[in-house]
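If you want the building blocks of each chain, they are given just below.
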Amino acid sequence: MTPYFFTSATGRIALLLLALDILLPYLLRRTRLSRLLGLAAGYNSPYLHRMWPHYWCGYALVFFSLAHTWISMQSVSMKRMNMAGLWFATVAIILLLFQVALGLFLQDRTLPTRKVTRSWHYWLMLALVFLIGAHAWLNSLRSHPH
């Protein structure tokens, strides 16, 4: 298997994990979507206890993102990459680590700044979607193997 395959696979898995991680909080709480899907009826435990799939999906997202970064930096020629796309990815990795830190703080119900922290967590998610989307789009334009 080629390094290009592993770079592509880890990037695609990370992208799927990002989408799933964004969707999970809306499925795990009582929302119109969770009621429509018939999920809300089985919610007997507190919300933060039901969020464990979201937490682990986030950790897996960090793992696959860092693996994608490591593999691509070790093996793929950077000359073929779009430099703006690489900068978007660099900022996204930093924000992703900050996002996990905010998520860890949000697991504490007694956090006095919980509302503000949750707002930052949400806006960082939107920034990550933009940055990762821009990275994937810009680097897909120039990175196909020969």
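Computed from a predicted structure; not experimentally measured.

Enquirer: Before we move on, could you go through the nonpolar core and cite the residues and values that matter?
Expert: By size, the foremost hydrophobic cluster in this structure holds 16 residues, and its most contacted members are Leu61, Ala92, Leu96, Leu128 and Ile132. Where this core is concerned, the elements lending two or more residues are helix H1 (3–28), helix H4 (52–75), helix H5 (83–106) and helix H6 (114–140). If you tally residues by element for this core, the top one is H1, at 5 residues. Ignoring sequence-local partners within four residues, the contact set of Leu128 consists of Ala92, Leu95, Leu96, Gln99 and Gly133.

Enquirer: Please set out the environment of Thr110 residue by residue, giving values where relevant.
Expert: Structurally, Thr110 can be placed in the loop between H5 and H6. Residue Thr110 is classed as exposed on the basis of its relative accessible area of 64%. Sequence spacing of Thr110 and Ala136 is 26 residues, and the spatial spacing of their C-alpha atoms is 38 Å. A polar atom in the side chain of Thr110 sits 2.7 Å from the side chain of Asp108.

Enquirer: Let's hear about the layout of surface pockets: which residues, and what values?
Expert: Taken as a whole, the second largest pocket spans an internal volume of roughly 610 Å³. Looking at the second largest pocket, it is lined by 27 residues, and the ones nearest its centre are Pro25, Met51, His54, Leu106 and His121. The set of elements that each furnish at least two residues to the lining of the second largest pocket consists of H1, helix H3 (47–50), H4, H5 and H6. Taken together, the residues that form the lining of the second largest pocket break down as 17 nonpolar, 6 polar and 4 charged.

Enquirer: So what's going on with the packing of aromatic side chains? Which residues, and what values?
Expert: Enumeration over the complete set of coordinates arrives at 5 aromatic pairs. Seen from their ring centres, Trp56 and Tyr59 are 5.1 Å apart, and the 85° between their planes marks the pair as edge-to-face. Residue Trp56 and its partner Tyr59 are both found in helix H4; the two are separated by 3 residues, about one turn of the helix. The exposure class assigned to Trp56 is exposed, which follows from its relative accessible area of 57%. A relative accessible area of 28% places Tyr59 in the partly exposed class. Ring geometry for Phe88 versus Phe130: centroids 5.8 Å apart, planes at 80°, classification edge-to-face. Residue Phe88 is located in helix H5, and its partner Phe130 is located in helix H6; the two are separated by 42 residues in the primary sequence. A relative accessible area of 24% places Phe88 in the partly exposed class. Residue classification places Phe130 among the exposed residues on the basis of a relative accessible area of 52%.

The rules behind the values
Residues numbered from 1 in each chain as written. Predicted model: local features only at pLDDT ≥ 70, side-chain atom pairs only at ≥ 80, totals over all residues. Heavy atoms only, no water. Core = buried A, V, L, I, M, F, W, Y, C linked by side-chain atoms within 4.5 Å. Buried < 20%, exposed > 50% of the residue type's maximum accessible area, 1.4 Å probe, protein only. Helix = DSSP H or I, 4+ residues; strand = E, 2+ residues; numbered from the N terminus. Contact = heavy atoms within 4.5 Å. Polar contact = N/O pair within 3.5 Å; in protein donor to acceptor, adjacent residues only side chain to side chain. 1 Å grid on protein atoms, 1.4 Å probe; cavity = no way out; pocket = protein on both sides within 12 Å on 5 of 7 lines; lining within 4 Å. Points joined across faces, edges and corners; volume = space filled by probe spheres on them. Nonpolar A, V, L, I, M, F, W, Y, C, P; charged D, E, K, R; others polar. Phe/Tyr/Trp six-rings, centres within 6.5 Å; stacked < 30°, edge-to-face > 60°.

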